[in-house]
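Fold and contact review
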Amino acid sequence: MPETTFSPTDHPLKAAVMKALATVNDPEIKRPITELGMVEAVALNDDKLSVKILLTVAGCPLKDTLRRDTTAAGMSVDGVSSVDVELGVMTDEQRSELRSTLKGGQAERDIPFAKATSLTRVIAVASGKGGVGKSSVTVNLAMALAAQGKKVGVLDADIYGHSVPAMLGVAEARPTSVEDMIMPVPVLGLKVISIGMMKPRRDQVVAWRGPILDRALTQMLADVYWGDLDFLLLDLPPGTGDVAISLGQKLPNAEVLVVTTPQQAAAEVAERAGTMASMMNQKVIGVIENMSYLSTPCPHCGEEHRVDLFGSGGGEQTARALTTRLGYQVDEVGQVPLDPELRIGGDNGAPVVAGHPDRPSAQVFSALAKRISSKGRKLAGLQLGLDPVGR
């Protein structure tokens, strides 16, 4: 990476200024701008500081954030009275060096999460059918994990029905590219990528089949710079089609959370999603029942009563059936009640876990996040990708 020029080289505030600039992270890459070679030049004229920052691309959507953070860092140095930030753009050669630095020498099209050495837990949120609230579960579980201090990425793998960007308020956002590497969109403490962010227009229809779907999934897993994540949540399309199979092949060590609703018919279909996971050597870590019940005040006694609008027992039935079929214990890990704030938050791009953490639905996701994060990733039973060698 290019060296930072500092003038005059013997200025007494040099060390303090560089230390302050090292606290500024690129808002997309989440690493210090000094480490990424983005600080091209620093100049001190008495107590006036000038900094030239190189953007990865000219149209960087978060350049104002970078300018603001750099200014604040400079002003935090005792002896500096003003800060002037100039923004430039990296050359092709500098972007290539940055890509090499971020990839850490990994081979192209390499999926880091598929490696046995990866410490990122990949959780695929699956369902047997559409309309059960799988995306709502994905988004709010991701927010609950982030609220516990975890580094979380969300990959919207529902190619045709991508709704995660809208639920997080970034439906119009577009990821930044460095060479042919993609930066996930940062939002609410998450790193998010969706095929919906890569379309020229929000209303454009995605009409892809097998091979193109597979390439798109590889791109979102291998060409996106996710950085160090504790969790990567995948919002799968409903059913057991091409995407579920392809992801099972690419991420055989992923864990699966099955979403269903209370109806018996929905539970039977949800069992298929869990069975598909087992066929792909993925472990089902639980079943969550969405739209489980409505809590409403009684007009007579004034107390809250549970009303099972869509029946009951679907989640429990699915968990019990998968326990028998898969040969290990699968629990129902949560019942999410019908909650107007959950729906409103999804429509407004403000998940209920973030906006109304005290709501009953938000508390279910928080409890589930604690349950999941309390169980670390273990190497026992993982496919290590090792080949036997001759003696």
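Residues numbered from 1 in each chain as written. Predicted model: local features only at pLDDT ≥ 70, side-chain atom pairs only at ≥ 80, totals over all residues. Heavy atoms only, no water.

Re the overall build of the protein chain
- Scanning the protein chain from N- to C-terminus turns up twelve helices and 16 strands.
- Across the protein chain, contacts joining residues at least 24 apart in sequence account for 76% of those joining residues at least 6 apart.
- A total accessible area of about 18300 Å² is found for the protein chain, and carbon and sulfur atoms account for 51% of it. (Helix = DSSP H or I, 4+ residues; strand = E, 2+ residues; numbered from the N terminus. Contact = heavy atoms within 4.5 Å. Areas by Shrake-Rupley, 256 points an atom, 1.4 Å probe, with all protein chains shown as cover.)

As for empty space enclosed by the protein
- All told, the structure shown has four cavities of 30 Å³ or more when counted by the stated rule.
- In this structure, the largest cavity occupies an estimated 100 Å³ of space.
- Every residue lining the largest cavity is counted, twelve residues in all, and those nearest its centre are Ala-126, Leu-236, Ala-244, Ala-273 and Met-276.
- With three residues, helix H8 (residues 264-279) is the largest single contributor of residues to the lining of the largest cavity.
- The residue inventory of the lining of the largest cavity, partitioned by class, reads nine nonpolar, three polar and no charged. (1 Å grid on protein atoms, 1.4 Å probe; cavity = no way out; pocket = protein on both sides within 12 Å on 5 of 7 lines; lining within 4 Å. Points joined across faces, edges and corners; volume = space filled by probe spheres on them. Nonpolar A, V, L, I, M, F, W, Y, C, P; charged D, E, K, R; others polar.)

Focus on helix H10 (residues 340-348)
- Those residues of H10 lying buried are Leu-342, Gly-345 and Gly-346. All buried residues of H10 fall inside an arc of 100° around its axis, so they share one side. Exposed residues lying more than 90 degrees from the buried face of H10 are Arg-343, Asp-347 and Asn-348.
- Contact partners of the buried residues in H10: helix H4 (134-147), helix H5 (164-167), helix H11 (352-355) and helix H12 (360-373).
- Among the residues of H10, the N-terminal cap falls to Asp-339, whose side-chain oxygen and the backbone nitrogen of Glu-341 are separated by 3.0 Å.
- A positive phi of about 75° marks Gly-349, the residue just after H10. (Buried < 20%, exposed > 50% of the residue type's maximum accessible area, 1.4 Å probe, protein only. Arc of directions from axis to C-beta. Polar contact = N/O pair within 3.5 Å; in protein donor to acceptor, adjacent residues only side chain to side chain.)

Examining helix H2 (residues 63-75)
- The end-to-end C-alpha separation of H2 is 18 Å, in line with the 18 Å expected for 13 residues at 1.5 Å each.
- Looking only at H2, the buried set comprises Leu-66, Thr-70, Ala-73 and Gly-74. The buried side chains of H2 occupy one side of the element, clustering within an arc of 95° when seen end-on. Away from its buried face, by an angle of more than 90 degrees, H2 presents the exposed residues Asp-64 and Arg-68.
- Looking at the buried side of H2, the elements it contacts are helix H1 (14-21), strand E3 (48-55) and strand E4 (82-89). (Expected span 1.5 Å × (residues − 1).)

Observations regarding the sheet that holds strand E12 (residues 255-260)
- Read across the sheet, eight strands follow the order E9-E10-E6-E11-E5-E12-E13-E16 without closing on themselves; strand pairing throughout is mixed. Every interior strand has two partners, whereas the edge strands, strand E9 (185-187) and strand E16 (332-335), have only one. In this sheet, neighbouring strand axes are inclined to one another by 25° on average, regardless of whether the strands run parallel or antiparallel.
- Contacting strand E5 (121-126), strand E6 (152-156), strand E10 (190-194), strand E11 (231-235), E12 and strand E13 (283-289), H4 runs over the sheet at an angle of about 170° to E11.
- Contacts from helix H9 (residues 314-326) reach E12, E13 and E16, with the element oriented near 165° to E13. (Pairing = 2+ DSSP bridges. Axes fitted to C-alpha atoms, helices over the stretch in contact; angles between N-to-C directions.)

Quick word on a nonpolar patch on the surface
- A cluster of nonpolar side chains, namely Val-307, Leu-309 and Phe-310, defines an oily patch on the protein surface of about 230 Å² accessible area.
- If you trace the backbone, Leu-309 turns up in the loop between strand E15 (304-307) and H9. (Patch = residues over 30% accessible without salt bridge, like charges linked within 9 Å, V, L, I, M, F, W, Y side chains within 5 Å. Salt bridge = Lys/Arg side-chain N within 4 Å of Asp/Glu carboxyl O.)

Structural notes on the sheet that holds strand E1 (residues 5-7)
- Strands sit in the order E1-E2-E3-E4 across an open sheet of four strands; the sheet is mixed. If you trace the sheet from one side to the other, it starts and ends with E1 and E4, each paired once. For this sheet the average axis-to-axis angle between neighbouring strands, irrespective of direction, equals 10°.
- Pairing analysis gives eight bridges linking E3 to E4, with the strands arranged parallel. Residue Leu-55 lies in a different strand from E4, and its bridge partner there is Val-89.
- Against the sheet, H1 contacts E1, strand E2 (39-45) and E3, and its axis sits at roughly 140° relative to E2.

A closer look at the pairing of E3
- Sheet topology places E2 next to E3; six bridges connect them, and they run antiparallel. Within E3, the position partnered with Leu-44 by the bridge is Leu-49.

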